[in-house]
Every structure is written in C-alpha cells, then in structure tokens.
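A look at the structure
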Amino acid sequence: MMTNMRWALFAAAAACVSGFGLTSTADEYTIDTGAKLVFSVRRTAPPASATVGSIGGITSLKYDDVEYAQEGGYSTVNKGFDLLFAGVSDVTVDAVVVDTTMIKVTVVTPFLTQYYIAKDGDARIYMGTIWTKQPDVESKIHFVLRLNPDLVPTFSRGNEGDIRLATDPALEADDVFLMSNNETRSTYYTMSRAVDWTFAGVTGPKIGFWLIRGLHEAASGGPFHRAPMSLTTNDTQELIYAVNDIHAQTEAFRVGTLSTYTFAASPGFEPDTAVSYEFYAELNVTGFVPEAERCEFRVRLIENDYVTRHRAVFTSEQGQYWATMRQRDGYFRAPFLLPGVYTMTVYKEELALHVIENITAEAGAKVTLPNFSVLASDPSTQPAVFRIGDWDGSPRELRNGEMVLKMHPSDARLDSWATAPFIVDTNTTTDFPAYMFQDVNDFYTIEFALSEALKATTRTFRIGTTVGNKGARPSIQVNSAKKSKVPPKPFSIPTRTLTLGTYRSVNEMHTYDIAPSAWTTDAMQTITVRAESGSAGVDWLSPSIAFDCLDLLGEETMAPTSAPATNAPATPLPKTNAPLTTAPSTPSPPTSAPETTDPVTTIPVTSEPVTTSPSTDAASTTFNGILLAMLSAIAIVAML
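Parameters at a glance
Residues numbered from 1 in each chain as written. Predicted model: local features only at pLDDT ≥ 70, side-chain atom pairs only at ≥ 80, totals over all residues. Heavy atoms only, no water. 1 Å grid on protein atoms, 1.4 Å probe; cavity = no way out; pocket = protein on both sides within 12 Å on 5 of 7 lines; lining within 4 Å. Points joined across faces, edges and corners; volume = space filled by probe spheres on them. Helix = DSSP H or I, 4+ residues; strand = E, 2+ residues; numbered from the N terminus. Nonpolar A, V, L, I, M, F, W, Y, C, P; charged D, E, K, R; others polar. Salt bridge = Lys/Arg side-chain N within 4 Å of Asp/Glu carboxyl O. Buried < 20%, exposed > 50% of the residue type's maximum accessible area, 1.4 Å probe, protein only. Core = buried A, V, L, I, M, F, W, Y, C linked by side-chain atoms within 4.5 Å. Contact = heavy atoms within 4.5 Å. Pairing = 2+ DSSP bridges. Polar contact = N/O pair within 3.5 Å; in protein donor to acceptor, adjacent residues only side chain to side chain.

**Describing empty space enclosed by the protein**
- Here the structure, examined in full by the defined rule, presents three cavities of 30 Å³ or more.
- A volume near 150 Å³ is recorded for the largest cavity.
- Around the largest cavity, the lining comprises 17 residues; the ones closest to its centre are Trp197, His216, Arg226, Ala227 and Ala242.
- Where the lining of the largest cavity is concerned, the elements lending two or more residues are β18 (226-227) and β20 (237-244).
- Among the elements that make up the lining of the largest cavity, the one with the highest residue count is β20 (five residues).
- Taken together, the residues of the lining of the largest cavity sort by class into ten nonpolar, five polar and two charged.

Take a look at the structure:
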C-alpha cells in the first residue's frame, strides 16, 4: 500500500512535467514521456561503435536528463532483432502518436513483433512481444535492458549475478564464475520461480529502473520455472525479462500469444505493480485480448488441513496461469484466462496430485469445477517406518537444497555433500544431501532399525526425484543383497540444471519392493543409494539426481527425520471427486538431447508397474504433454 501511494504521488508530480512527444531523425525515433523519462529507438543499422544491438533496439535511456544506457549497448530482445533467426535479418521500425496522449513504436521482423508504448505523463515503457516462430539462433526470448553499471550498480534481488570481480577462466562453461572472495556467481543464480516475483530492478543514487511482470501467459514451464533476471559486469548492468527460456524447460514453447510487461523508472523506490494493459485495445496491438473477452475458473479443494500451500495450474496451447489456494476454505480462483481448452493440475507445493483434462471456457465465461480431494494421491498420507524429506516436489528442505539455488554446488559456503551414513532417528533432514553427483557423493547409505514383524513381509522403499541429469536415476542395495534393477531413463533435460540454480524437471517416484530375505539379523539395516547412468561426466557435471523424498513404507512408527510420516485423518471425509490420473497431450515437451547407450549391468528381476498420480507439470515418458508425471519403476531386491 505504501509503495502504491508513493508511486501515485510520484506519477502525479511527473505528469506536471511538459514535453510529451515524438521526434525523429533519419537514424532514430526519440520518445519523451513527459515524466522525465526519454528514450530513443534505432531506425537504421547501428554504427560501428555499437557493441550489442540492432535496428529496433533502445539506444538511449535518460531520466531527468541523465543518460543511463550502456555505452554501445542497445536494450533489445536477445542480442538484436536481426540476430533472432538464422538467415533472417529484415527489421523495420515505425512510430506513431495516438490520440495525442500515447506513442506506439512497433519493431517488426518476419517472425517476431516488439512494441514500446508511452503514455503522456507516465514514466513507464509498456511493452509487448508476440512471435509466430521460436528464435533459433538462441532458443529463448529475453528482453534485455543494458544499462550503465556505474550509475545503477545494484540488482534489487541480490548480487548473485554480479561478476565484476570474477577470476579467469570461468569455473564452468562461460557462465559460472569464481570470485576473488571464493564465492561463485552467475546470471543463473539470479533466477526466481515465476510465481515468486512480480517485479525486479536495478538501483543507484535516487534512481530505480524496474521490470514488472505481466500475466506471463505466453511463457512456458509453469509457475515453478526459473529464468535469469540480471547480469552485472564492468561494462553493463543487464536487467532481463525472460519472455520465455530454454533453461530446464519441460514444455514446448508457445507461439502466437502476446506477452505483456512494463519498464518503469522512479527516483529509487519500488514501482506500483498494478499495471493495466486495457488501453492496448485502442492501439491495435497484435494479439491483445481485453479482460471482457477472457474467462475464469473456480474450484475447491476439500479434505485438507489448508495449511500446506496448494496451487491450481491451468495450461493450454495458448497460455499458462496459476492460482493459489485460499487457505481458510480451499478455494482457487483463476481469472483473465484466454478462452480455450485447458488442463488443470493441482500442486502441493511443487508436487502434482490432481489432474483434470479437457475443461473448456469461452470468452466471458466463469466456470466452476467440481470439488476435489488429493488425499488418495498424496504420498505423504501413507504410513512410513521413516521418511527423509517431504513429498513436496522439491529438495529445498534437504542439505544445501535452498542455498545451492544461488550458487554453484562447489561453493565453499555450502555444507559438505558427502555426509553418509544417514542414521534414521539420529540425523535430521538437513543431513541428507539435496543432490547426488556420481563423481562426488555416490553410494549414499541409510542406516535404520527394523522390527522382526516388518522384516517378515515385503517392504516398499520409495525415492522421489525432481531431475536426473545425463540419464541419472537411483538404484538401491539392501545390506549385502545385489543391487536393484535400474529404473528406466528419466525425462531428459538438454540443458544443465543442478549447477545452474534449478532442480526442476519431471518429478518421478521410483518404488522398490524389498523381499524379506534381504534383511539381516543385525540391529541396524542399510540401504545404499547410488546414481546410475550410461553417460559420462566429471565432478559436478557427472550424472546427478535431485531428491524430493525417500521413505520406507510400513505401519511401525519411528521418530520422523522430517515431517511426521503419517498425516492422513483417522476418518477420511467422503470424496466428491476422485483424483484423475490422466496427462495432457499438448503442448509436448521439447525434443530431448540424445543420450549414449546405457550399459548398466543389473540382476534379472520381476518388475511390475505401480499406478501413481501425476506429480509435476510436464509430460511423462508415456504421455506426450506438459504435465510432470509421477512415474514408478519397481524392482525386487533379493539376496543372492
């Protein structure tokens, strides 16, 4: 509220400044917002002095007569509008004054159109990007503001992307760096989940420049996808809006949907994020759909404590949207969706538990869906002898799970990854590593006591993973028995993940049935977990796994290492709508990079599929769609 009031006062004062208008030369259009913000857009090929940018890039960005643009660097999509598509360099720029109070600049390429829009007395640039083909020079669409790092040196969400004191050469590839103080930094460590931010900015003395997220409906990857937001070097301060991004992407890219977002300038304080784009209708912005022509979904979760955060995610070929559960009564409301046919996936934190396909809404419709329950599909409701972590779709509660999102796994600030053995009822959740790297902390042992009664029957051990890099997936060995059968290859992400600040891919549950003969008469039993893969890699780039949760099912209760092993109510309430286990068919995931043949040797075992509910927001290996499915691979572990 205070930010809104400050912004309103600032906007009122700025509106008193005269000068709104459009001027042009042979090379540039210059737009004065009449609110101290003035910017220029390149009309012709840039001069030799330009280091980054092209026709259509913002060459000058002044506030209160001070130039803040990077010298020689243009603010543009990726590295320039003429460098988006291989063999395509045609770019045109046009600017027009509309109704004396608005200025629209349109940058057109054969497959992508960019808008810059100014309103009289408003220190903001309203933007829009629409494309009919995904760029192929760099498979991403980032609008990058390139500013002077000496004048706006501070990124509002941390310094993890500030590499001005980096040592040479780079620590990994050309995008992860070791600093002189031994910290690791990268533009990737500035990432945040889409659901966690509405604005980000860079600041200096009495100045702040901000990017404000729109609906983010044209992006891919859902609410938990992460993309870079900032990079600070000696030459430039980059403030990045990822319209879409290839990094750890689990979905096909959407095309033909307008992405809206806003650049704002202020005397240093945070912006008002309540931005309306309804005036785009007056400007004939391609792809714009006003609120009156959109739809809404409403749905209620029942049989729940309403404490754990749940989200309903709605996806279609045209857009992605999400709504957070109202905790007092379990209701979700998702307004302003594009009309279409949707799949709804309900997540407990980041773990998908409930799916409904083929729900249709027309323009102006408000659709109420049937009440539903997730108790039957929540793996946390099954009693366990022990449980390490939480079934929530992420490793963040495990050792290093939170900090490693902001630094390389080799960073000295992290705790040791090699902490085995993990002793149940002695160690805590934060003693178990969030990640397993084949070259770093493989062969991880869990030790625990087990009663004779539980040894007498087959026990089920479950491992939840959120990503398997280079085909990595877990196998287990119980005591001295032969190791289990290796599960099928996981969904393949063609980019790095764990070393670049994300654990998101396709959640999988691997289930292993342990025969009574595998147990010993010793007081303590052991289960050894290792990462299996037929692909090669060294150190932190070796095949690797991110864990969600591990548990051994059974009625016997021991002190939990994390959340209580059982949280189901003693007497379940009647269900009004059982969870569905279908997965959507569109859009499909991007084509995975090929992997080498997997030569892992395993003992012959009998294997049967276990039916589970979908667990994330992308397709499983048996469904061609965007939902992340909870897969199961069963192995019988027997003594020789």
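After that view of the structure, there is still more to cover.
**A look at unusual backbone geometry**
- A cis amide bond links aspartate 168 with the next residue in sequence, proline 169, at an omega value of -5°.
- As for its position among the elements, proline 169 is in the loop between β12 (154-155) and β13 (177-178).
- For the bond running from alanine 420 to proline 421, omega is 0°, close enough to zero to count as cis.
- The topology assignment puts proline 421 in the loop between β29 (384-389) and β30 (422-423).
- Positive phi, close to 70°, is recorded for aspartate 65, a residue that is not glycine.
- Structurally, aspartate 65 can be placed in the loop between β4 (58-63) and β5 (66-67).
- Even without being glycine, aspartate 425 reaches a positive phi, approximately 75°.

**Side note on the pattern of salt bridges**
- Evaluated as defined, the whole model comprises 28 salt bridges.
- Aspartate 162 serves as the salt-bridge partner of arginine 164, at 2.7 Å between the closest nitrogen and oxygen.
- On the accessibility criterion, arginine 164 (25% relative accessible area) is partly exposed.
- A salt bridge links glutamate 183 to arginine 413, with the nearest nitrogen and oxygen atoms 3.6 Å apart. Of the two residues, glutamate 183 is situated in the loop between β13 and β14 (184-185) and arginine 413 in the loop between β29 and β30; the sequence distance between them amounts to 230 residues.
- On the basis of relative accessible area, arginine 413 is assigned to the partly exposed category, the value being 37%.

**Here's the deal with the nonpolar core**
- Residues Phe39, Leu61, Tyr116, Ile125, Phe209 and Phe263 are the most contacted members of the largest nonpolar core, which totals 51 residues.
- A total of four residues in this core trace back to one element, the largest contributor, which is strand β11 (residues 141-147).
- Contact partners of isoleucine 125, with chain neighbours within four places excluded, come to Leu37, Phe39, Ile58, Leu61, Tyr116, Ile117, Tyr261, Thr262 and Phe263.
- Within the second largest apolar cluster, 42 residues are counted, among which are Leu454, Ile463, Tyr512 and Ile545.

**Let's talk about the sheet that holds β5**
- Read from one edge to the other, the open sheet built from five strands follows the order β1-β2-β3-β4-β5, with strand pairing classed as antiparallel. Two strands close off the open sheet at either side, each with one partner strand: β1 (21-24) and β5.
- Relative to β4, strand β3 (residues 37-42) runs antiparallel, the two being bridged by five bridges. Of the residues in β4, the one forming a bridge with valine 41 is isoleucine 58.

**A short note on the environment of histidine 142**
- Tracing the backbone shows histidine 142 in strand β11.
- In this structure histidine 142 comes out as buried when scored by relative accessible area, which is 5%.
- Along the chain, histidine 142 and proline 228 lie 86 residues apart, while their C-alpha atoms are 9.1 Å from each other.
- In this structure, histidine 142 is in contact with Thr76, Val77, Asn78, Pro228, Ile240, Tyr241, Ala242, Asn244 and Asp245, ignoring residues within four places of it in sequence.
- Polar contacts involving the side chain of histidine 142 include one to the side chain of aspartate 245, which spans 2.7 Å.

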